[in-house]
Amino acid sequence: MGKPPNAIRRSDKSRKATLAAALDLCAELGYSAVTVEAIANRAGASKATIYRWWPSKGAIVLEAIDEAGLAPKTFPDTDDLAADLHTQLCGILSVFTDQRLGPAFTGVLAEGQLDPGLSQELRERLIEPRLAQCYTRMRNAQDRGQLATDADLDVAMDLLHAPIYRRHVLGYPLPTPDYLDKLIEHTLRVLAPASATTSSRARRDLAEAPPNHPE
């Protein structure tokens, strides 16, 4: 029984050349037009060798995206949850908007809808580790009393991340930094402890109250 592709020793120089070729070609041609043969030719490797290292074009591109490391791999913790969430969400946007990584990531997302194995690897390699860090960061904020003790953090993460992917998949403009601020503000308002929500409402009511002019 042969070794699985990831167990075969790979030349690091050839591996890096292959990953770079995959990203360059996705940027130049679009993901759907790229073939393993084209990647091999650009990298100066044989098609057979590449297939010994990776099972598919999607697997090559996914590893190339992960290796590029454009999005933060560690979640910031500055004790300002809103600022930390903004930093992380901007990191996700930076992948979509990067001229080199954007077409590759979009292609992997699309192909993952038809390839369950690639979709699973995408989740396990790129998505779930970052979601886990987001969950941990929000749990820490909850432990510090910055979020309600009964706040549903899984729902909160859906509220924060879904608009980015919805807009991208449906072809709408991606969120701006100002939109992200509003998204985070609204989400954290729902998750705020009751005392903080009451104080915020009281401040807003006071600001909106008409001036009390003496008779």
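Residues numbered from 1 in each chain as written. Predicted model: local features only at pLDDT ≥ 70, side-chain atom pairs only at ≥ 80, totals over all residues. Heavy atoms only, no water.

Would you take a moment to explain the nonpolar core for this structure?
Where a protein is soluble and globular, its nonpolar side chains tend to be buried together. Core analysis: the largest hydrophobic core is formed by 54 residues, its most contacted members being Ile-65 and Met-138. When residues in this core are grouped by element, the largest group, 7 residues, is from helix α5 (residues 81-97). Aside from chain neighbours lying at most four places away, what touches Ile-65 is Leu-23, Leu-101, Ala-104, Phe-105, Val-108 and Leu-126. (Core = buried A, V, L, I, M, F, W, Y, C linked by side-chain atoms within 4.5 Å. Buried < 20%, exposed > 50% of the residue type's maximum accessible area, 1.4 Å probe, protein only. Helix = DSSP H or I, 4+ residues; strand = E, 2+ residues; numbered from the N terminus. Contact = heavy atoms within 4.5 Å.)

Hey, could you run me through the pattern of salt bridges in this one?
Scanning the entire structure with this criterion turns up 14 salt bridges. Notably, a salt bridge pairs Arg-125 with Asp-66, separated by 2.9 Å at the nearest N-O pair. A residue pair is termed long-range when its members are at least 10 positions apart, and Arg-125 in helix α7 (residues 116-143) and Asp-66 in helix α4 (residues 57-68) qualify at 59 residues. With relative accessibility at 14%, the residue Asp-66 sits in the buried group. Within the structure, one salt-bridge network assembled from shared partners comprises Asp-12, Arg-15, Lys-16, Glu-63 and Glu-67. (Salt bridge = Lys/Arg side-chain N within 4 Å of Asp/Glu carboxyl O.)

What should I look at first to understand the packing of α5 against helix α8 (residues 153-170) in this one?
Two packed helices can be described by the angle between their axes and the distance between those axes. Where α5 meets α8, the closest approach of the two axes is 11 Å, and the angle between their N-to-C directions is 20°. Relative to α8, α5 is oriented roughly parallel. Considering the relative orientation of α5 and α8, their crossing is right-handed. Here Leu-85, Leu-89, Ile-92, Leu-93 and Phe-96 of α5 lie close against α8, whose contacting residues are Leu-160, His-161, Ile-164, Tyr-165 and His-168. (Axes fitted to C-alpha atoms, helices over the stretch in contact; angles between N-to-C directions. Parallel < 35°, antiparallel > 145°, perpendicular 65-115°, else oblique. Left-handed = near helix turned anticlockwise from the far one by under 90°.)

Is there a simple way to think about α8 in this case?
For an α-helix, 3.6 residues make a turn, and residues three or four places apart therefore share a direction. Taking 1.5 Å of rise per residue, the 18 residues of α8 would be expected to cover 26 Å, and the 26 Å separating its terminal C-alpha atoms lies within 8% of that figure. A maximum bend of about 35° is found in α8 at His-161, where proline Pro-163 lies one to four positions downstream. Looking only at α8, the buried set comprises Leu-153, Ala-156, Met-157, Leu-160, His-161, Pro-163, Ile-164, Arg-167 and His-168. Of the residues one or two after α8, Gly-171 is the one with positive phi, at around 80°. (Expected span 1.5 Å × (residues − 1). Bend = angle between axes of the 7 residues up to and from the residue.)

I'm lost on helix α6 (residues 101-112) in this one. Help?
Spanning 12 residues, α6 covers 16 Å between terminal C-alpha atoms, matching the ideal 16 Å at 1.5 Å per step. Regarding α6, the residues found buried are Leu-101, Gly-102, Ala-104, Phe-105, Gly-107, Val-108, Leu-109 and Gly-112. The secondary structure elements touched by the buried residues of α6 are α1 (12-29), α4, α5, α7 and α8.

In this structure, what is going on with the confidence of the model for the chain? I would like to understand it.
A low pLDDT means the predicted coordinates there should not be read in detail. Per-residue pLDDT for the chain has a mean of 87; in total, 84% of the residues score no lower than 70. By mean pLDDT, the top-scoring element of the chain is helix α2 (residues 36-43) (97), and the lowest-scoring one is helix α10 (residues 194-208) (51). For residues 1-7, every residue scores under 50 in pLDDT, and the model assigns this stretch 5 contacts once sequence neighbours within four places are set aside. Across residues 197-204, where pLDDT falls below 50, the model places 2 contacts with residues more than four positions away in sequence or in other chains. (pLDDT = per-residue confidence, 0-100.)

Where do I start with the packing of α1 against α4 in this structure?
Between α1 and α4, the shortest axis-to-axis distance is 9 Å and the interhelical angle comes to 100°. Considering the angle they form, α1 stands roughly perpendicular to α4. Across the interface between the two elements, Arg-15, Thr-18, Leu-19, Ala-22, Leu-23 and Cys-26 of α1 pack against Ile-60, Val-61, Glu-63, Ala-64, Ile-65 and Glu-67 of α4. Residues of the contact of α1 with α4, tallied by class, amount to 8 nonpolar, 1 polar and 3 charged. (Nonpolar A, V, L, I, M, F, W, Y, C, P; charged D, E, K, R; others polar.)

Could you clarify how one ought to interpret the side chain of His-161 in this entry?
You can see His-161 is positioned in helix α8. Taking the relative accessible area as the measure of exposure, His-161 reaches 10% and is therefore buried. Within the structure, the side chain of His-161 is placed 2.8 Å from the backbone oxygen of Met-157, a separation counted as a polar contact. Apart from the residues lying within four places of it in its own chain, the contact partners of His-161 are Leu-89, Ile-92, Leu-131 and Cys-134. (Polar contact = N/O pair within 3.5 Å; in protein donor to acceptor, adjacent residues only side chain to side chain.)

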